[in-house]
Amino acid sequence: MLSDIQTNLRPSRQKCWHHLQLLTTLLVSLTFAAPGLAQEKQTRVLTVTGRGVENVQTTKAQVSLGVEAQAKTAREVQQEVARRSAAVVALLKSRGVEKLQTTGISLNPAYNYQDNKPPQLTGFTGSNVVSFQIETEQAGALLDEAVRAGATRIDSLSFIAADEAIAKAQQQALREAVQDAQAQAGAVLGSLNFTTREIVNIQVNGADVPPTPFPRPQLAQADVATRQAVPTPVIGGEQEVQAAVTLQISY
């Protein structure tokens, strides 16, 4: 009978031993995990965005000009625009402009609206617009020549720097943005008696190069500029290069 009791107790002892092993393993796991959880809770991150700005001297003018004409029929308008545009383009090519391209062609009917009467077709208007780049000091004289050749519109004029100068300015602006972000983080954490640990993430938001605008001139008729003896003055300026960098810093 004693042997039967011992036999019945063996499975119970085995279960207890198994449960004891599981409990020990769980306690060991919690012991090692607790410091990690506590350390994870203490990790804090400050996000700051720094900005940098650099100015570079412009050397080229970006010009957009065109020819506009009116006539009774669409064919007459198209022929007149084509004739003047060909003369203007030939002039620009002879002056060695860069990046010459057509940016717009239009042909539209013109109507006369009076009282409550139905609109009456009075003719057609057409235009041809081109854009190009040229050295800034040559832009004024070339604009005068283009008007004499048949141009009747100067749509826009902006100034740009050389590609090499822009690239150097972008790099310098990014350095300034990083320094600005670090200075912000140092000021904030220092005032709160926290210590900077490490940069955990970096985001470069870009280095933008907005063009330097120039007031848009208005030329209604080609012969208006032809009567002016004084050449058109065109003076370039500086181009601004902007950069932004975002840092995430643990403390």
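Residues numbered from 1 in each chain as written. Predicted model: local features only at pLDDT ≥ 70, side-chain atom pairs only at ≥ 80, totals over all residues. Heavy atoms only, no water.

**Overview of the overall build of the chain**
- Of regular secondary structure, the chain possesses five helices and eight strands.
- Starting at the N terminus and walking to the C terminus, you meet the elements of the chain as α-β-β-α-β-β-α-β-α-β-β-α-β.
- Per-residue burial for the chain yields a buried fraction of 28% across its 251 residues.
- Of all intrachain contacts in the chain linking residues separated by at least 6 positions in sequence, the fraction that spans at least 24 positions is 87%. (Helix = DSSP H or I, 4+ residues; strand = E, 2+ residues; numbered from the N terminus. Buried < 20%, exposed > 50% of the residue type's maximum accessible area, 1.4 Å probe, protein only. Contact = heavy atoms within 4.5 Å.)

**With respect to the pattern of salt bridges**
- Enumeration according to the criterion identifies six salt bridges in this entry.
- Residue Arg83 pairs with Glu80 through a salt bridge whose shortest N-O separation is 2.6 Å. Taken together, the residues Arg83 and Glu80, both in helix 2 (residues 74-94) and three residues apart, mark about one turn of the helix.
- The salt bridge involving Asp155 is made with Arg153; its shortest N-O contact spans 2.8 Å.
- Overlapping salt bridges bring together Glu68, Arg153 and Asp155 as one network. (Salt bridge = Lys/Arg side-chain N within 4 Å of Asp/Glu carboxyl O.)

**Some words on the confidence of the model for the chain**
- Averaged over all residues, the pLDDT of the chain equals 82, while 74% of them reach at least 70.
- Between the elements of the chain, mean pLDDT differs from a low of 41, seen in helix 5 (residues 222-226), to a high of 97, seen in helix 2.
- Between residues 1-9, whose pLDDT stays under 50, and residues either more than four places distant or in other chains, the model counts zero contacts.
- Across residues 214-228 the pLDDT falls below 50, and counting only partners more than four positions away or on other chains, this stretch makes 16 contacts in the model. (pLDDT = per-residue confidence, 0-100.)

**What about the packing of aromatic side chains?**
- Under the counting rule described, the total for this entry stands at two aromatic pairs.
- Measuring from centroid to centroid gives 6.4 Å for Tyr111 and Tyr113, while their planes differ by 50 degrees, and the two rings are tilted.
- Judged by relative accessible area, which is 62%, Tyr113 ranks as exposed.
- Seen in terms of ring centroids, Phe194 and Tyr251 are 5.0 Å apart; in terms of plane orientation they differ by 50 degrees. Their pairing is tilted. With a gap of 57 residues between them, Phe194 in the loop between helix 4 (163-191) and strand 6 (198-208) and Tyr251 in the segment after strand 8 (238-250) connect regions that are remote in the sequence. (Phe/Tyr/Trp six-rings, centres within 6.5 Å; stacked < 30°, edge-to-face > 60°.)

**Quick notes on helix 2**
- With 21 residues, helix 2 extends 30 Å between its outermost C-alpha atoms, agreeing within 8% with the 30 Å of an ideal straight helix rising 1.5 Å per residue.
- Of the positions making up helix 2, those classed as buried are Val77, Val81, Ser85, Val88, Leu91 and Leu92. Buried residues of helix 2, viewed axially, fall in a sector of 120 degrees; they line one side. Every exposed residue of helix 2 that faces more than 90 degrees away from the buried side is listed here: Arg75, Arg83 and Lys93. (Expected span 1.5 Å × (residues − 1). Arc of directions from axis to C-beta.)

**A word on helix 3 (residues 136-149)**
- If you check helix 3, its first and last C-alpha atoms are 20 Å apart, about what 14 residues at 1.5 Å a residue would give, namely 20 Å.
- Taking the largest bend as the criterion, helix 3 deviates by roughly 25 degrees, centred on Leu142. (Bend = angle between axes of the 7 residues up to and from the residue.)

**Focus: the environment of Pro109**
- Within the fold, Pro109 resides in strand 3 (residues 98-112).
- A sequence separation of 38 residues divides Pro109 from Ala71, and the C-alpha atoms of the two residues are 9.9 Å apart.
- When near neighbours in sequence (up to four residues on either side) are disregarded, Pro109 contacts Leu121, Gly123 and Phe124.

**Some thoughts on the nonpolar core**
- Counting 20 residues, the largest nonpolar core has Ala61, Val63, Leu65, Leu92, Phe132, Ile134 and Leu142 as its most contacted members.
- In this structure, Leu92 is in contact with Val97, Leu100, Val130, Phe132 and Leu142, ignoring residues within four places of it in sequence.
- Counting 10 residues, the second largest nonpolar core, distinct from the first, contains Ala181, Ala185, Val245 and Ile249. (Core = buried A, V, L, I, M, F, W, Y, C linked by side-chain atoms within 4.5 Å.)

**With respect to the pairing of strand 4 (residues 120-135)**
- Judged from the 12 bridges that link them, strand 2 (residues 60-71) and strand 4 form a sheet pairing that is antiparallel. The residue of strand 4 that forms the bridge with Leu65 is Val130.
- Pairing analysis gives 12 bridges linking strand 3 to strand 4, with the strands arranged antiparallel. Among the inter-strand pairings, Leu107 is bridged to a residue of strand 4, identified as Gly126. (Pairing = 2+ DSSP bridges.)

**Quick notes on the packing of helix 2 against helix 3**
- Look at helix 2 against helix 3: their axes get within 9 Å of each other, and the N-to-C directions meet at 150 degrees. Relative to helix 3, helix 2 is oriented roughly antiparallel. The chirality of how helix 2 crosses helix 3 is right-handed. Two secondary-structure elements touch here, helix 2 through Arg84, Ala87, Val88, Leu91 and Leu92 and helix 3 through Leu142, Glu145, Ala146 and Ala149.
- Split into classes, the residues belonging to the contact of helix 2 with helix 3 amount to seven nonpolar, no polar and two charged. (Axes fitted to C-alpha atoms, helices over the stretch in contact; angles between N-to-C directions. Parallel < 35°, antiparallel > 145°, perpendicular 65-115°, else oblique. Left-handed = near helix turned anticlockwise from the far one by under 90°. Nonpolar A, V, L, I, M, F, W, Y, C, P; charged D, E, K, R; others polar.)

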